[in-house]
Amino acid sequence: MWPLFLLSVFALIALALLPGMLVSFGLGTKHASLSFSLAPAISFALYAAVGVSLGALGIYGGVATAMVIALPLLFGAGLAFLSVKRGNVRSLSGQWHEIKDDLLLLLLFVAVSAFVVTAFFLKSLDGPASYSQHSDNIAHLSHIIETAEDGNYSLFTTASYSLESMADGSAPIIGTGFYPNGFYILASFAVSLFGASAPLAENAAIFVFAGIVYPLTCFGLMRSLFCNMRCALLSGALATAAFASFPLALLTFGPLYPNMAAFCCVPAVVLSFILIFRSTGTKERAGAITVFVLCSLGTASLQPNAIFTSGVLLIPFCCHEIYVATKSRSGKASFTALSVAAFLAVVIIIWLFMVYSPLMRGVTSFNWAALDNPISGIYNVLTLSLRLRAEQVLLAVFVVTGLARLLASDELRWVALSYLLMAFLYYLGNSFNSELKQLATGFWYTDQWRTAASVAIIGAPVAATGISSLFDWLRSQCQRWGESPSKTGFRAVSALSITLILLIVFQPQRYLGNKESNSAFGSVSDSLDSLNHLGMLDGTNIYTEEEREFVTRAVQLMPEESLVINMPYDGSVYAHLDGSIDTYYKTTLNGGETEDSELIRLHLDELDSNIGVQHAVEQSGATYVLLLERNGFDDQGNTQWSLCASYRKSDWTGISAEKLDEVNSLEPVLQEGNMRLYRIII
């Protein structure tokens with residue numbers, strides 16, 4: 001299966017980059033190498049636009065899949081061709097010297113991040129099709145399957161069940177709704193093109209975002225910031241991958257895969273906004289504005305709260321541009337200060353309006369309890385332990401050093417202020433339980449995982465500045481050894497320093513060798529190992545290896561494409577999501593339930609005598625019933641709780657081995673402990 005995984009990864013890289021690269025090039029992005037960085041966000045804007053259009057026209061299935069792949073590529077190719085023909089942009093051959101100069105740096109960014117993602121994510125997988133059983137992944141996998149099977153790419157009609165089954169009433173839940181589906185679209189391409197399972201496609205998409213897209217977007221942003229600071233750019237490759245809080249930490253909770261994907265595009269949004277102010281001429285500025293709009297829409301199609309992260313990071317940049325513009329025109333300090341203050345007042349008003357608007361209230365009113373008090377919260381931020389609760393002391397030193405250097409720079413001071421602003425918002429959300437926390441971090445559900453990730457994103461260029469300061473100091477020290485040996489000595493010392501940094505940042509134990517506690521990346525590694533192996537998570541997984549083996553034997557006893565009625569919380573929902581078996585309940589209950597479904601889950605044990613239940617079963621098209629063990633739940637009376645899912649016993653009174661064993665209309669086919677496979681014989 002690993003060859004299929006690699007094939008999926010390469011295909012998804014091409015699909016994530018090619019349309020956006022062509023469009024960015026066609027719109028006249030000043031430096032061709034930056035098109036690599038802007039490409040992913042633009043590509044997802046195109047996929048979202050085509051998907052919504054096809055949904056509005058009622059076009060689904062294989063035709064929709066072909067169109068959603070082909071149309072963005074054709075549009076990008078046409079735009080690039082016209083731009084070159086009209087002389088609006090230079091051809092790629094004319095820009096080759098610029099690309100060539102940046103290519104090694106770009107590859108270095110990608111190589112370091114891809115290696116780290118491989119070492120800590122791919123290595124944790126129990127095969128390329130293993131998956132986390134945390135509750136959110138039920139929705140992620142079901143959306144990937146439905147997107148691929150139906151060719152339903154509109155973010156306004158995201159669904160967990162096929163459109164056909166909902167139309168004929170055989171699905172237990174009926175309803176579609178808005179959900180940012182960019183991550184699902186990319187993953188679904190692997191399912192549609194290569195027949196990959198949803199978990200394998202999901203893992204391929206995760207690798208593409210964390211290991212390829214994120215370093216590409218970070219490269220573009222840092223190239224824009226550090227265009228004359230090659231050492232800082234080189235350091236950026238390491239700094240991008242050095243924060244455990246992002247992207248890997250977002251894989252350990254939720255899991256927050258779509259949010260991780262969106263945050264990987266945040267540097268592209270920030271970069272595209274900066275390029276507007278660096279444009280010269282009306283055409284170039286119009287192209288830059290179009291690129292910014294596309295990057296914002298594409299990132300929002302992955303997860304809208306990434307736009308708020310981008311906005312926060314850009315507030316100091318806007319203040320910087322206002323300061324420079326007003327100072328050069330008026331020269332009056334009072335007018336300059338008043339202009340910046342007026343801008344900040346507008347930002348605060350918009351922020352407050354959005355926090356309390358009915359449109360956002362469902363998000364901004366959500367509450368995650370603070371984990372620190374105001375004093376310990378300062379330590380949490382300064383040591384970069386953040387939501388992982390594991391310090392990154394050396395990286396924190398580089399960040400502090402970088403802050404000092406950036407604050408002393410007139411041009412890049414805003415980067416330091418962006419970091420301090422985002423770190424302060426995280427601090428408020430992590431250290432206070434009050435309305436202040438809702439105001440500061442409501443756009444991220446007050447979730448410390450997401451705000452910590454935002455800190456890491458802007459922390460990368462800050463840390464890169466700090467790391468480059470170390471090498472600048474080493475160079476100055478080596479020069480004291482004499483002019484002749486200084487170059488050789490500097491290379492040797494630099495190589496040793498990089499090795500030590502890598503060992504300290506990425507080692508699995510803390511610096512003092514305490515085997516009882518992990519470093520930040522050690523914590524990530526342990527979490528991912530547990531999440532991606534059946535039967536781990538201290539026994540709380542709801543679908544185990546034994547159950548998978550039972551399902552495998554059950555499938556061999558049924559005709560192909562048989563539909564089975566199941567109790568999703570016993571793990572059978574994952575038996576469907578990993579492609580093992582076709583189940584009636586393909587996800588957990590979340591509203592929109594049909595009357596037939598309610599009859600089945602409450603009264604299936606009355607199948608012999610209840611005509612309503614018999615009709616409901618016939619309507620579903622199911623021919624078997626499957627029961628697995630109900631593992632990993634904390635018994636709280638009627639409520640059964642787990643990290644994987646939670647349910648009420650009273651909601652499933654009709655489906656249990658004790659009751660169904662007595663039903664004459666169910667013929668036992670396979671039995672092991674409390675696990676059953678029955679044939680329906682009504």
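Worth saying up front: this structure is predicted, and the values here are computed from it rather than measured.

**Looking at the packing of aromatic side chains**
The final tally for this structure, using the stated rule, is 37 aromatic pairs. Relative to Phe-189, the ring of Tyr-153 has its centre 6.3 Å away and its plane inclined at 40°; by these criteria the two rings are tilted. Taken together, the positions of Tyr-153 in the loop between α5 (136-150) and α6 (163-167) and Phe-189 in helix α7 (residues 182-194) put the pair 36 residues apart, joining distant regions of the chain. Comparing Tyr-153 with Phe-189, the two get one shared label, buried. With a centroid separation of 5.2 Å and an interplanar angle of 55°, the aromatic rings of Phe-273 and Phe-277 are classed as tilted. You can see Phe-273 and its partner Phe-277 sitting in helix α11 (residues 266-277), four residues apart, about one turn around the helix. Overall, Phe-277 belongs to the partly exposed group, its relative accessible area being 40%.

**Looking at the environment of Ser-197**
Within the fold, Ser-197 resides in the loop between α7 and α8 (198-225). The exposure class assigned to Ser-197 is partly exposed, which follows from its relative accessible area of 22%. As a C-alpha pair, Ser-197 and Gly-579 span 382 residues in sequence and 6.2 Å in three-dimensional space. Setting aside its immediate chain neighbours within four residues, Ser-197 contacts Ala-129, Val-191 and Asp-578.

**Regarding the packing of α8 against α11**
Across the interface, α8 lies against α11 with an axial gap of 8 Å and an inter-helix angle of 30°. Relative to α11, the element α8 is oriented roughly parallel. The element α8 and its partner α11 pack so that their crossing is left-handed. Contacts from Tyr-214, Thr-217, Cys-218, Gly-220, Leu-221, Ser-224 and Leu-225 in α8 reach Pro-267, Ala-268, Val-270, Leu-271 and Ile-274 in α11. Grouping the amino acids of the contact of α8 with α11 by side-chain chemistry returns nine nonpolar, three polar and no charged.

About the thresholds
- Residues numbered from 1 in each chain as written.
- Predicted model: local features only at pLDDT ≥ 70, side-chain atom pairs only at ≥ 80, totals over all residues.
- Heavy atoms only, no water.
- Phe/Tyr/Trp six-rings, centres within 6.5 Å; stacked < 30°, edge-to-face > 60°.
- Helix = DSSP H or I, 4+ residues; strand = E, 2+ residues; numbered from the N terminus.
- Buried < 20%, exposed > 50% of the residue type's maximum accessible area, 1.4 Å probe, protein only.
- Contact = heavy atoms within 4.5 Å.
- Axes fitted to C-alpha atoms, helices over the stretch in contact; angles between N-to-C directions.
- Parallel < 35°, antiparallel > 145°, perpendicular 65-115°, else oblique.
- Left-handed = near helix turned anticlockwise from the far one by under 90°.
- Nonpolar A, V, L, I, M, F, W, Y, C, P; charged D, E, K, R; others polar.

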